[in-house]
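Observations on the model geometry
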Amino acid sequence: MCPPDYYGIEYEINPWMSRSQQSNLEVARQQWESLYALLQKLNASIELMTPVKGLPDLVFTANAGLIWHNRVFLSLFRHQARQGETPVDQQWFEQAGFETIEMPEEFFFEGAGDALFCGDTLFAGYLIRSDVKALQWVAAEMKCRVIPLQLVDEFYYHLDTCFCPLSETEAIYYPPAFDSYGQQALQEHIPHLIPVVDEEAQRFACNAVVIGKSVALNTGCPQLEQTLRERGYEPHSTPLDEFIKAGGSAKCLTLRLDGECATVWP
C-alpha cells in the first residue's frame, strides 16, 4: 500500500475523475488509514511505499504490476499522466527482492488492475487500458491459460472494477461491464459467479480485497454483503468514497505480494 499524502484529482483519465470535484485529502487519509487498520485486523502483513509528489495515483498500488512468484510484470501505463509511476514501482520491487520484467514497448499493460487469476487461469481485461496482446504476452511468459475479457463500459475501465475472484471456483462480477463473449466466458469457466446490481457496482462492490473468508469492501453494498454471508464469507465494509472520485476503492489501494487467495500460479 502507499499512503495518500499526495493523492488528488489532478487530471481526468476516466469518467469518475473530475478536477471540479476534488477529493478532501484529510478525509481521504482517514479512509485510507481505516482500510489499512481493517486489513491489519484481518491478519494482513502490509508493506508501504513512500508517496511521491506529482504522482497522485501512486496510492493505487494494484496498478503497479502483476506479481508471479518472486517476479513482477511491470505496468506500462496507457496515459502519460501515470507513466512516471513505473520507475518508482520498479525501484520498490527490486529493493523488496523481486525480479522485475518490463513490458515490450508496443504493449500497454496495467498490472493487477487488468490481470487476475481465478484458479490456474489468468482472466485479462482489455481494450480500455491494457492491450489484449500485452496480456497474451504475459500469459505466454508464465505458460498459463489466459481468457481475454473485453471491457465495454468506460466507468469500469479496469478488470478489478467489475470482477473479483473469491476462490478458485467463485467470483464477484458486474455483467454489463463485459461484452457478450466475456460474460459467456466467465460463466463457462467459473462455476460460481455472484452478479452485483447496478447501484452496488457503482459503489465499487467488485473492487474488494479477499483475505481467506474475509472480504474488505466499500460501504453501500448490502445485497452483496448478504450474498457473501450466505456463501460463508464475512464482509467488512469501510468508507472509501474519496477514492471512488478517482475511480478506485479497496482493491485498487492494495497489491497482494504473495498471490491472491483465488490464485493457483503456474
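What you are looking at is a predicted structure, and each value in this text was computed from that prediction instead of being measured. (Residues numbered from 1 in each chain as written. Predicted model: local features only at pLDDT ≥ 70, side-chain atom pairs only at ≥ 80, totals over all residues. Heavy atoms only, no water.)

Moving on, we get to empty space enclosed by the protein. One pass over the full model with this rule turns up 4 cavities of 30 Å³ or more. Quantified by volume, the largest cavity comes out at close to 130 Å³. Lining the largest cavity are 14 residues, and of these Leu66, Ile67, Ala112, Arg256 and Glu260 lie nearest its centre. For the lining of the largest cavity, the secondary structure elements donating two or more residues are strand 1 (65-68) and strand 4 (115-118). Its residues assigned to classes, the lining of the largest cavity comprises 8 nonpolar, 3 polar and 3 charged. Each pocket or cavity is described by its volume, and for the second largest cavity that value is around 90 Å³. Around the second largest cavity, the lining residues are Leu116, Phe117, Asp160, Phe163, Cys164, Pro165, Cys206, Ala208, Val210, Lys251, Glu260 and Ala262. (1 Å grid on protein atoms, 1.4 Å probe; cavity = no way out; pocket = protein on both sides within 12 Å on 5 of 7 lines; lining within 4 Å. Points joined across faces, edges and corners; volume = space filled by probe spheres on them. Helix = DSSP H or I, 4+ residues; strand = E, 2+ residues; numbered from the N terminus. Nonpolar A, V, L, I, M, F, W, Y, C, P; charged D, E, K, R; others polar.)

This next bit is on the sheet that holds strand 7 (residues 163-167). With mixed pairing, the 3 strands of this open sheet are ordered in space as 7-8-9. Edge positions in the sheet fall to strand 7 and strand 9 (192-195), since each has one partner strand and no second. On average, each strand axis in the sheet is inclined to that of its neighbour by 20°, with strand direction left out of account. Pairing analysis gives 4 bridges linking strand 8 (residues 170-173) to strand 9, with the strands arranged parallel. Among the inter-strand pairings, Ala171 is bridged to a residue of strand 9, identified as Leu193. (Pairing = 2+ DSSP bridges. Axes fitted to C-alpha atoms, helices over the stretch in contact; angles between N-to-C directions.)

On to the pattern of salt bridges, then. Under the defined criterion, the tally for this structure stands at 13 salt bridges. Arg82 is paired through a salt bridge with Glu85; the nearest N and O atoms lie 2.7 Å apart. Glu85 matches Arg82 in its accessibility class, with the two residues each being buried. Linking Arg256 and Asp258 is a salt bridge whose minimum nitrogen-to-oxygen distance equals 2.4 Å. Judged by its relative accessible area of 25%, Arg256 is partly exposed. Here Asp258 falls in the exposed class, since its relative accessible area comes to 53%. What you see here is one network of salt bridges that share partners, running through Asp57, Arg82 and Glu85. (Salt bridge = Lys/Arg side-chain N within 4 Å of Asp/Glu carboxyl O. Buried < 20%, exposed > 50% of the residue type's maximum accessible area, 1.4 Å probe, protein only.)

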